[in-house]
Amino acid sequence: SIAQLTDVGSFDQPESDARATVYTDKTGMIKAARLLLSSVTKVLVLADRVVIKQIINSRSKVLAILEHLEKVSSFQEFVQIFSQFGNEMVEFAHLTGDRQNDLKDEKKKARMAAARAILEKCTMMLLTASKTCLRHPDCESARINKAGVFHRMRLALDQVIEIVTDSRSNGEHKIHPTSIYADINEFKMKVEGLRDNLHGIAKENLTTMLEIILEHTEDFTDSAYTSHEHREHILELSRQARVELEQLVAVWKQAQCLKAKEATEDMELAIIKTRQSMSELRRELQNTAVESAGELLKCYAEHIVLKALKSAGVEGNLEALAEGTSKLSEQKEQLSETSRLLRHVSGTEPLEITCLHAEETFQVIGPQIISAAQTLALHPSSKIAKENLEVFCEAWESQLNDMSILLKEINDVFEGRRGEKRAYLSLPRPGKHSANLKLVKAVKLDAEEQAKIAKLGLELRLHTSDVDAETERWEDQENEILRQAQSMSSMAYSMYLFTRGEGLLKTTQDLFHQAEIFAEESLRLHSSLYSFSNQLEEDEKSSLLVEAERFPALCQQLQMTCRTPVHGKAATFTKVDTIIQETINMMTVLMKALSLCYKLLIKCKVDQTFMGSPHSWRGNQLQTVANGETLEGKNTDTFGVKSLERHMANLTFLESK
């Protein structure tokens, strides 16, 4: 269409002078527009290249300092170089964080998040491992521990560059293993295609695809951690899938012999049975992986083996250390295998990548904990060796926590609760339009605090899922009350992401600003509910107002919490905890109010009069303003605009993960 519009050749026809003048002007305009578009495209491409170049240069600086750090032989030299290293890592975190937010490919975004998580955790490991090695230069286990950290950081840095440049250092593209979930979906799609095209795929190809899927199920049936009941059920469903495919192939051949143009009734039935058998197999594999992971996480929640290793190291008890090492190695294999099974059934490519990251992390950190414990056992009085072991144990515990969150997200996919969240843009994206803004000091949660707040975050996530499920029932998606509820749910979801160290809210200051805007939106919802109640009969109006009047008090409480100044790390963490809890309380009331509104709309059938059209609702708003009753007393500004202006100057964009 653009080519036709800008085809000036169609104007080269003899016309009158007046007509020719019009065409000449139009031709000039089109040429100018094309030049403008071309220039804008070139600027964008150039800007992208500049960003990539900045990341590459920053990574080169980090690598250069890593080389120096690995070779230092004195504490004084190490402290000086590590200070430079910290500054360069902060800059690298800024650049890669902005790039991650700009990525459109979800797989690349997940890989970038994994690489940046490794770099963040390894920075502290590098500090303690290097100090331990400097304190005990003749200790082989300390050298092994240190070398492992440096190697992993280099791999993560390489992965970042591979993502931003869309290439690999060795010139070859790494092929990630396929998952059963994806293979089954592709198989079912091919089978479904037979309805319209009997010759769209060869019979041998379908058989091969099924055999590959069943071969992958051996990861489940051969696992020592799969229960006997699940193993037998998987084997039975695998046999059933083969039988159904054989039946499909038989009726398929008959249809081809009859020269049918589309699937016969027998073939339709065979297709349905084949697809159903594959769905049942996938469901059983999902249940097996999820149950296995859940049991393991419960079993290891107390971190008994880690505590035993710490005690053995402090006491210098080599026998107890050997026993703890054996148990941790077994845990490592269990968790790695469970991560592999979860990857098979994760349901989305980003979650597959997260499962791969979990598997690799357990495989790497397990031996590093053992080497750190061995160093401490050889030097029981060494404070730095003890601190080093603590750091690696915390990384293990953090990964277990990440795995519990991953398990919850996979469950959300199974139950259809995972959906695309609306982008909430009241907060500017990190690094955008902020070059001249004065940054304020903000606090980031450490690993222990992040783990504590994550549990509360999961509760908030459940509430957002419930609200999202409720909003999907509404027929009129332009309904004002519904849109305000969706905005609140989206903001609550961004707070949940903060508890995981993800999303646009990078610091506690960002969270406090978001919570204030959340409270403001809930006040708008209260006004909308009040206006809606005026259209109802007295009994129905009273029931709705009972729920609606809960919002002002909760909003005031949340706003007071957000605006209360705090000093110190402990007070800041308490404030974060309180804000998340108060947001959960607000979401609980929101869910009740939404459910009641839906019932009242159905009963009163007013959705085509009062709530049916965004235009009529806006008209009611304008009429209300004309009568001197604004939605918030004095604030009828478009949602988010004034909030954006008010908070722009105070935002900080430090990356957390």
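What you are looking at is a predicted structure, and each value in this text was computed from that prediction instead of being measured. (Residues numbered from 1 in each chain as written. Predicted model: local features only at pLDDT ≥ 70, side-chain atom pairs only at ≥ 80, totals over all residues. Heavy atoms only, no water.)

Draft legend 1. Spotlight on the overall build of the protein chain. Per the secondary structure count, the protein chain includes 22 helices and 0 strands. Within the protein chain, the proportion of its 657 residues that are buried is 48%. For the protein chain, long-range pairs separated by at least 24 residues make up 79% of all intrachain contacts whose partners lie at least 6 apart in sequence. When the accessible area of the protein chain is evaluated, it comes to approximately 33,300 Å², of which 53% is carbon and sulfur surface. (Helix = DSSP H or I, 4+ residues; strand = E, 2+ residues; numbered from the N terminus. Buried < 20%, exposed > 50% of the residue type's maximum accessible area, 1.4 Å probe, protein only. Contact = heavy atoms within 4.5 Å. Areas by Shrake-Rupley, 256 points an atom, 1.4 Å probe, with all protein chains shown as cover.)

Draft legend 2. Seen up close, the pattern of salt bridges. The tally for this structure, following the rule as stated, stands at 19 salt bridges. When the shortest N-O distance is used, the salt bridge between Arg59 and Asp158 registers 2.3 Å. Separated by 99 residues along the polypeptide, Arg59 in helix H2 (residues 17–71) and Asp158 in helix H5 (residues 140–165) bring together distant segments of the chain. Given a relative accessible area of 23%, Asp158 falls into the partly exposed group. Between Arg483 and Glu480 there is a salt bridge, with its nearest N and O atoms 3.3 Å apart. In this pair, Arg483 and Glu480 are both assigned in helix H16 (residues 480–499), 3 residues apart and thus about one turn of the helix distant. For Arg483, a relative accessible area of 24% puts it in the partly exposed group. A residue is classified by how much of its surface remains accessible, and Glu480, at 6% relative accessible area, is buried. A cluster of three or more residues bridged by salt bridges with shared partners is formed by Glu67, Glu70 and Arg154. (Salt bridge = Lys/Arg side-chain N within 4 Å of Asp/Glu carboxyl O.)

Draft legend 3. Examining the side chain of Ser522 more closely. Here Ser522 lies in helix H17 (residues 508–533). In this structure, Ser522 is in contact with Met488, Phe551, Cys555 and Met586, ignoring residues within four places of it in sequence.

Draft legend 4. Local environment of the environment of Met560. With respect to the helices and strands, the residue Met560 is situated in helix H19 (residues 550–563). Judged by relative accessible area, which is 52%, Met560 ranks as exposed.

Draft legend 5. Looking closely at the packing of aromatic side chains. Under the defined criterion, the tally for this structure stands at 5 aromatic pairs. Following the ring pairs from residue to residue traces out a cluster consisting of Phe78, Phe82 and Phe85. Just above the ring of Tyr181 sits the side chain of Arg282; from NZ or CZ to the centre is 4.9 Å. Here the guanidinium or amino end of Lys575 rests over the ring plane of Phe512, the centre of that ring lying 4.1 Å away. (Phe/Tyr/Trp six-rings, centres within 6.5 Å; stacked < 30°, edge-to-face > 60°. Lys NZ or Arg CZ within 6 Å of the ring centre and 35° of its normal.)

Draft legend 6. A look at a negative patch on the surface. A surface patch of like charges, here negative, comprises Glu215, Glu218, Asp219 and Asp222. Here Glu218 lies in helix H8 (residues 218–221). The class for Glu218 is partly exposed, based on a relative accessible area of 40%. (Patch = residues over 30% accessible without salt bridge, like charges linked within 9 Å, V, L, I, M, F, W, Y side chains within 5 Å. Lys, Arg positive; Asp, Glu negative; His and termini not counted. Charge placed at Lys NZ, Arg CZ, Asp CG, Glu CD.)

Draft legend 7. Local environment of helix H12 (residues 318–345). Over its 28 residues, H12 runs 41 Å from end to end, which matches the ideal 40 Å to within 8%, given 1.5 Å per residue. The distance from a side-chain oxygen at the start of H12 to the backbone nitrogen of Glu319 is 3.2 Å, and the residue carrying that oxygen is Asn317. At the C-terminal side of H12, Gly347 shows a positive phi close to 100 degrees. (Expected span 1.5 Å × (residues − 1). Polar contact = N/O pair within 3.5 Å; in protein donor to acceptor, adjacent residues only side chain to side chain.)

Draft legend 8. Fine view of a nonpolar patch on the surface. Taken together, the side chains of Leu36, Val40 and Leu44 define a hydrophobic patch exposed on the protein surface, amounting to about 290 Å² of accessible area. By the element assignment, Val40 lies in helix H2. The partly exposed category is assigned to Val40, whose relative accessible area is 41%.

Draft legend 9. Structural detail: the environment of Val413. Tracing the sequence through the fold places Val413 in helix H14 (residues 383–414). The sequence separation of Val413 and Leu351 amounts to 62 residues, and the corresponding C-alpha distance is 9.9 Å.

Draft legend 10. Expanded view of the nonpolar core. Counting residues in hydrophobic clusters, the biggest one holds 101 residues, and the most contacted among them are Phe85 and Ile369. Ranked by residues supplied to this core, first place goes to H14 with 13 residues. The contact partners of Phe85, leaving out residues within four places of it in the chain, are Val62, Ile65, Leu66, Leu69, Thr123, Leu126 and Met153. Among the nonpolar cores identified, the runner-up in size contains 52 residues, and Leu554, Cys562, Met587 and Ala593 belong to it. (Core = buried A, V, L, I, M, F, W, Y, C linked by side-chain atoms within 4.5 Å.)

Draft legend 11. Summary view of the packing of H17 against H19. At a minimum axis distance of 9 Å, the contact between H17 and H19 shows a crossing angle of 165 degrees. Judged by the angle between their axes, H17 and H19 are roughly antiparallel. The interaxial crossing formed by H17 with H19 has left-handed handedness. Of the residues in H19, those in contact with Phe512, Ala515, Glu516, Phe518, Ala519, Glu520, Ser522, Leu523, Leu525, His526 and Leu529 of H17 are Phe551, Pro552, Cys555, Leu558, Gln559, Cys562 and Arg563. Class assignment of the residues belonging to the contact of H17 with H19 gives a composition of 12 nonpolar, 3 polar and 3 charged. (Axes fitted to C-alpha atoms, helices over the stretch in contact; angles between N-to-C directions. Parallel < 35°, antiparallel > 145°, perpendicular 65-115°, else oblique. Left-handed = near helix turned anticlockwise from the far one by under 90°. Nonpolar A, V, L, I, M, F, W, Y, C, P; charged D, E, K, R; others polar.)

Draft legend 12. Quick look at unusual backbone geometry. One non-glycine residue, His303, lies in the positive phi region at around 55 degrees. By the element assignment, His303 lies in the loop between helix H10 (265–299) and helix H11 (304–315).

Draft legend 13. Representation of the packing of H5 against helix H13 (residues 349–378) within the structure. For the pair H5 and H13, the least separation of the axes is 8 Å and the interaxial angle reads 155 degrees. Accordingly, the angle class assigned to the pair H5 and H13 is roughly antiparallel. Considering the relative orientation of H5 and H13, their crossing is left-handed. When H5 is examined against H13, the residues Ser141, Ala142, Asn145, Gly148, Val149 and Arg152 are found in contact with a partner set consisting of His357, Thr361, Val364, Ile365, Gln368, Ser371, Ala372, Gln374, Thr375 and Leu378. Among the residues making up the contact of H5 with H13, the classes are represented as 6 nonpolar, 9 polar and 1 charged.

Draft legend 14. Quick look at the confidence of the model for the protein chain. Considering every residue of the protein chain, the mean pLDDT works out to 78; 80% of them sit at 70 or more. For the stretch residues 1–5, pLDDT sits under 50, and the model shows 1 contact to residues farther than four places along the chain or on other chains. Segment residues 15–23: pLDDT under 50, and 3 contacts once partners within four positions in sequence are set aside and those in other chains are kept. (pLDDT = per-residue confidence, 0-100.)

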